[in-house]
Amino acid sequence: MSTGGGFAGFRLTGRTWADDLGIWSSAVAADGRPGSALRFDPRLVADPSARERLVAAVIADRRLAQGGTTGLVPVADLITAGDEVWLITSEPVGPTVGDLLSSGPPGSPRPDAGSAATVLVETAQALLAVHASGLAHGELHPGTVVIASDGSALLAKRGLADALFGRPPAPERDVAAWASLARGLAATWASADRGAAGLLERVAATASIRGLAPARDALLAGRDVLPSGFTTRDRLVETLHRWPGHEAPTLGGHPAPVRPAPDEGEIVTLLHVPRQSDPHPPGGGERRPEDVVMRFGPGVPSETTAAQLWRAGRDQQQTELPGGRLAAAAAPRARRRRGRTVLASAILALMVVAALAIWLFRSPATPLEVTKADVSAPRKAQACDTTVKITGVLSTNGAGGEVRYQWKRSDRKEPIAQTDQVASGETSHEVSLEWTVKGEGSFKGTATLVVLSPVPKGKKIQDRATFTYKCS
């Protein structure tokens, strides 16, 4: 996207990075507020049903916000431009917990145990509200937990992965991911404080056994072992003020290629908003926000608030042509844009028909199946106070889908349940377990990886590995 390109009331700044759903861009609203824009991978939104599920997920997200739910990155719009679909957020999607875990400026304050507790309490609150509405996040991990400028934790990409992959909401998967996040923060941000690290480990176990609400309550009840700034987010705010990359988040992804912004004449919002000229729908009653599809850009008769915001951002970038020819040159451009809009609509209709025909007549796809698991651990004896990384490799038949598995540690009874999304075309998928060991003495730990599904009928897929810990 070219620097300065803009649409839907936001100007793209040129910074891009990739993640599992597409390519993100930093954006700025017409009034100067920062935000972000996600151009979805075209393969994920090619199916019309996937687009419909995506629209429903975003509308549900906005209803949560309208109902008073906090803790989610707010969505400004969901638009289509030709065959591309973009999500616009009115808050930046970074830096994330993953960013703060990966690196930091020399000499800057690192997030501490209080920061970890803040993140866990606020994400638990948001997830509980989402689950109470019959929804789920679906992709909770350090890369989707955003740290806002005031130090609060916001969840990004709620429901997007589930919508695009056609998965039903699974709150239990969110709970398992939250417990994993708690263990990860115990081993990193809270590692210097044994009391706080122990508290986070205990609440992770509580979440796995009893659920998210008891885990949150246990964390709040144990606040005596946390730093004093826990309730004020002091350490997180201080870290952000000295964080050099907070304006260019990564979400665990990589720099993405520059791509031009969509033509303004092709932009159509997928979110439904009321028309001021028709306050009441046919048959009486009040019109709901999802009753009407709004188009904005050249050729639209009604000037909506969204269109005004978009136009203001565009007009700031226009310059007067020599001899006062700006108005004269604008008319042919508007006619060309209207022509492109009609053509784009016809092409989109043909694409929908073609996609439906392919879906109706395609042969049944082979479902994902895990055929083997291999687990490895460090052979060298581990030193004092270390985190051991156990690596597992799942061999598959190359189909895409969801794999469910669990890690069993020899030092605890309850297993650690996990769920991953495997991409089509890959015949192997790597998973990992981080095991923190502290204190003096010797210890021999065994980690067992058990694949729950999908596995061949009647076959048990598992493997184990052992490491040695010595500290004197």
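The model shown is predicted, which means the values in this text are computed figures rather than measured ones. Along each chain, numbering runs from 1 in the same order as the chain's sequence is written. Two thresholds apply to this predicted model, a pLDDT of at least 70 for residue-level local features and 80 or more for giving and counting side-chain atom pairs, whereas whole-chain, interface and lining totals are computed over all residues. Hydrogens are left out, water is left out, and the side-chain values use all remaining heavy atoms of the structure.

1. Section: the pattern of salt bridges
The term salt bridge refers to a pairing of a side-chain nitrogen on Lys or Arg with a carboxyl oxygen on Asp or Glu at a separation within 4 Å. Taken as a whole and assessed by the stated rule, the structure comprises 17 salt bridges. Here arginine 33 makes a salt bridge to aspartate 31, at a shortest N to O gap of 2.7 Å. In this structure, aspartate 411 engages arginine 409 in a salt bridge whose closest nitrogen and oxygen atoms are separated by 2.9 Å. Classification of residues uses two cut-offs on accessible area relative to the type maximum, computed with a 1.4 Å probe and protein chains only: under 20% is buried, over 50% is exposed, and between them is partly exposed. With relative accessibility at 39%, the residue aspartate 411 sits in the partly exposed group.

2. Focus on the sheet that holds strand 12 (residues 370-376)
The 3 strands are arranged 12-13-16 in an open sheet whose pairing can be described as antiparallel. The strands lining the two open edges of the sheet, one partner per strand, are strand 12 and strand 16 (428-437). With direction set aside, neighbouring strand axes in the sheet form an average angle of 20°. In this sheet, strand 13 (residues 386-396) lies alongside strand 12 in antiparallel orientation, the contact comprising 6 bridges. For valine 370, the partnering residue across the bridge sits in strand 13 and is threonine 396. A pair of strands counts as paired when DSSP detects no fewer than two bridges linking them. For the purposes of this entry, the term helix denotes a DSSP run of H or I that reaches at least four residues, the term strand denotes a run of E that reaches at least two, and both are numbered from the N terminus. In this description, a line fitted to the C-alpha atoms serves as the axis of each element, helices being fitted only across the stretch in contact, and the angle between N-to-C directions of two axes falls anywhere from 0 to 180 degrees.

3. Some words on the environment of lysine 459
Note on placement: lysine 459 falls in the loop between strand 17 (441-453) and strand 18 (461-471). On the basis of relative accessibility, which here comes to 45%, the residue lysine 459 falls in the partly exposed class. Sequence spacing of lysine 459 and threonine 371 is 88 residues, and the spatial spacing of their C-alpha atoms is 9.0 Å.

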